[in-house]
Amino acid sequence: MTAPISERIQAAESALTALRAKRGSALLDGENIDAAEYANAEAELAALRDAEAIAVHRERAAAQVSRGRRRAELKDIVTATERERIEAITEADEHARALVEALQRAAAANDRIHKAIHELTGKGAHGFQPLNFENRLSGYLAAVMRGFRDGPRGGRFGFINWPDGPRRKSGAWAIEEDKIVAGDLKQALK
């Protein structure tokens, strides 16, 4: 196996240094020198340095091709993921608007029930008090929002903060509400 180019250059430089010392000694001692050996060593070193430059050029060209491929992959990821992100934002927008509409309908229905129970019984029903109902709804929503981000940054989503209160046992808001207002309904409807 051929040694790496850098090792071959180092060996050629060492050999050339030794030949220079040999040439210098030969001149001082009046001996003959083999000029061809020295010229061959210099030529070999020059060829090795040329080869090293070509190897570096090839590595850079290969790296550039690799970077180009990676850039193309990343552009594909950005394009595909942006479509996915916009679809999710659109879905979130639609659901958020539907949530607001549903909460408004629930609050209006709760107010009508509260007023009717008050008229029936002469007193308010604690479970249907508008503020109590809104607090429960916000707790349900906070429990769901905790699923978006829990942990060190939990409890916050941009400008929206939600309490880190006890988690609801049931994921269904209606089941929770049925349990809370069952007594008020029973009392009002007897």
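Thresholds, definitions, all that
- Residues numbered from 1 in each chain as written.
- Predicted model: local features only at pLDDT ≥ 70, side-chain atom pairs only at ≥ 80, totals over all residues.
- Heavy atoms only, no water.
- Helix = DSSP H or I, 4+ residues; strand = E, 2+ residues; numbered from the N terminus.
- Rg over C-alpha atoms; globule rule 2.2 N^0.38 Å.
- Buried < 20%, exposed > 50% of the residue type's maximum accessible area, 1.4 Å probe, protein only.
- Contact = heavy atoms within 4.5 Å.
- Areas by Shrake-Rupley, 256 points an atom, 1.4 Å probe, with all protein chains shown as cover.
- Lys, Arg positive; Asp, Glu negative; His and termini not counted.
- Charge placed at Lys NZ, Arg CZ, Asp CG, Glu CD.
- Axes fitted to C-alpha atoms, helices over the stretch in contact; angles between N-to-C directions.
- Parallel < 35°, antiparallel > 145°, perpendicular 65-115°, else oblique.
- Left-handed = near helix turned anticlockwise from the far one by under 90°.
- Nonpolar A, V, L, I, M, F, W, Y, C, P; charged D, E, K, R; others polar.
- Core = buried A, V, L, I, M, F, W, Y, C linked by side-chain atoms within 4.5 Å.
- Expected span 1.5 Å × (residues − 1).
- Bend = angle between axes of the 7 residues up to and from the residue.
- Salt bridge = Lys/Arg side-chain N within 4 Å of Asp/Glu carboxyl O.
- Phe/Tyr/Trp six-rings, centres within 6.5 Å; stacked < 30°, edge-to-face > 60°.
- Lys NZ or Arg CZ within 6 Å of the ring centre and 35° of its normal.

A.B. asks: Explain the overall build of the protein to me, please; I cannot follow it from the model alone.
C.D. replies: Across its full length, the protein carries 4 helices and 2 strands. Starting at the N terminus, the α and β elements of the protein follow one another as α-α-α-β-β-α. Here the protein has a C-alpha radius of gyration of 41 Å; the compact-globule value for 190 residues is 16 Å, and the former is much larger. The principal-axis extents of the C-alpha atoms in the protein amount to approximately 130 × 30 × 30 Å. For the protein, the proportion of its 190 residues judged to be buried stands at 16%. The long-range share in the protein, meaning contacts at least 24 apart out of those at least 6 apart in sequence, stands at 48%. Put simply, the protein shows about 14500 Å² of open surface, and 57% of that area lies on carbon and sulfur atoms. Distance between charge centroids for the protein: 10 Å, based on 30 positive and 29 negative side chains.

A.B. asks: Teacher, can you tell me more about the packing of helix α1 (residues 5-29) against helix α2 (residues 35-121) here?
C.D. replies: A pair of packed helices is characterised by two quantities: the angle between their axes and the separation of those axes. The interhelical angle for the contact between α1 and α2, taken along N-to-C directions, is 155°, at an axis separation of 9 Å. The orientation of α1 relative to α2 falls into the category roughly antiparallel. Once α1 is placed against α2, the crossing between them reads as left-handed. Where α1 approaches α2, its residues Ile-5, Arg-8, Ile-9, Ala-12, Glu-13, Leu-16, Leu-19, Arg-20, Lys-22 and Arg-23 are matched on the opposing element by Glu-37, Tyr-38, Ala-41, Glu-42, Leu-45, Leu-48, Arg-49, Ala-51 and Glu-52. Looking at the contact of α1 with α2, its residues break down into 10 nonpolar, no polar and 9 charged.

A.B. asks: Which parts of the structure should I look at to understand the nonpolar core?
C.D. replies: In globular proteins that are soluble, nonpolar side chains generally tend to be buried together. Formed by Ile-9, Ala-12, Leu-16, Leu-19, Tyr-38, Ala-41, Leu-45 and Leu-48, the largest nonpolar core amounts to 8 residues. If sequence neighbours within four positions are ignored, Leu-48 has contacts with Ile-5, Arg-8, Ile-9 and Ala-12. If you look at the next biggest cluster of nonpolar residues, it comprises 5 residues, including Ile-117, Ala-125, Phe-128 and Ala-188.

A.B. asks: Is there a simple way to explain helix α4 (residues 173-189) in this structure?
C.D. replies: Residues three or four positions apart in an α-helix share a direction because the helix packs 3.6 residues into each turn. The end-to-end C-alpha distance of α4 is 23 Å, a good match for the 24 Å that 17 residues give at a rise of 1.5 Å each. By the largest-angle criterion, Val-181 marks the main kink of α4, which is about 50°.

A.B. asks: Help me out: how do you make sense of the pattern of salt bridges in this one?
C.D. replies: Side chains that differ in sign of charge can pair as their charged atoms come close. Overall, the coordinates contain 7 salt bridges when judged by the stated rule. Glu-73 is the salt-bridge partner of Arg-70, the closest N and O atoms lying 3.2 Å from each other. Taken together, the residues span about one helical turn, with Arg-70 and Glu-73 both in helix α2 at a distance of 3 residues. The class for Glu-73 is partly exposed, based on a relative accessible area of 41%.

A.B. asks: Whenever I open this one, the packing of aromatic side chains confuses me. Can you help?
C.D. replies: What describes a pair of aromatic rings is the distance from one ring centre to the other and the angle between the planes of the rings. Under the defined criterion, the tally for this structure stands at 1 aromatic pair. Lying across the ring of Tyr-38, Arg-23 places its NZ or CZ 3.9 Å from the centre.

A.B. asks: Whenever I open this one, the packing of α2 against α4 confuses me. Can you help?
C.D. replies: Two numbers describe how α2 lies on α4: the axes approach to 11 Å, and their chain directions differ by 15°. Taken together, α2 and α4 sit at an angle that is classed as roughly parallel. The handedness of the crossing between α2 and α4 is left-handed. Residue-level contacts link Leu-99, Leu-103, Ile-117, Leu-120 and Thr-121 of α2 to Trp-173, Asp-184, Leu-185 and Ala-188 of α4.

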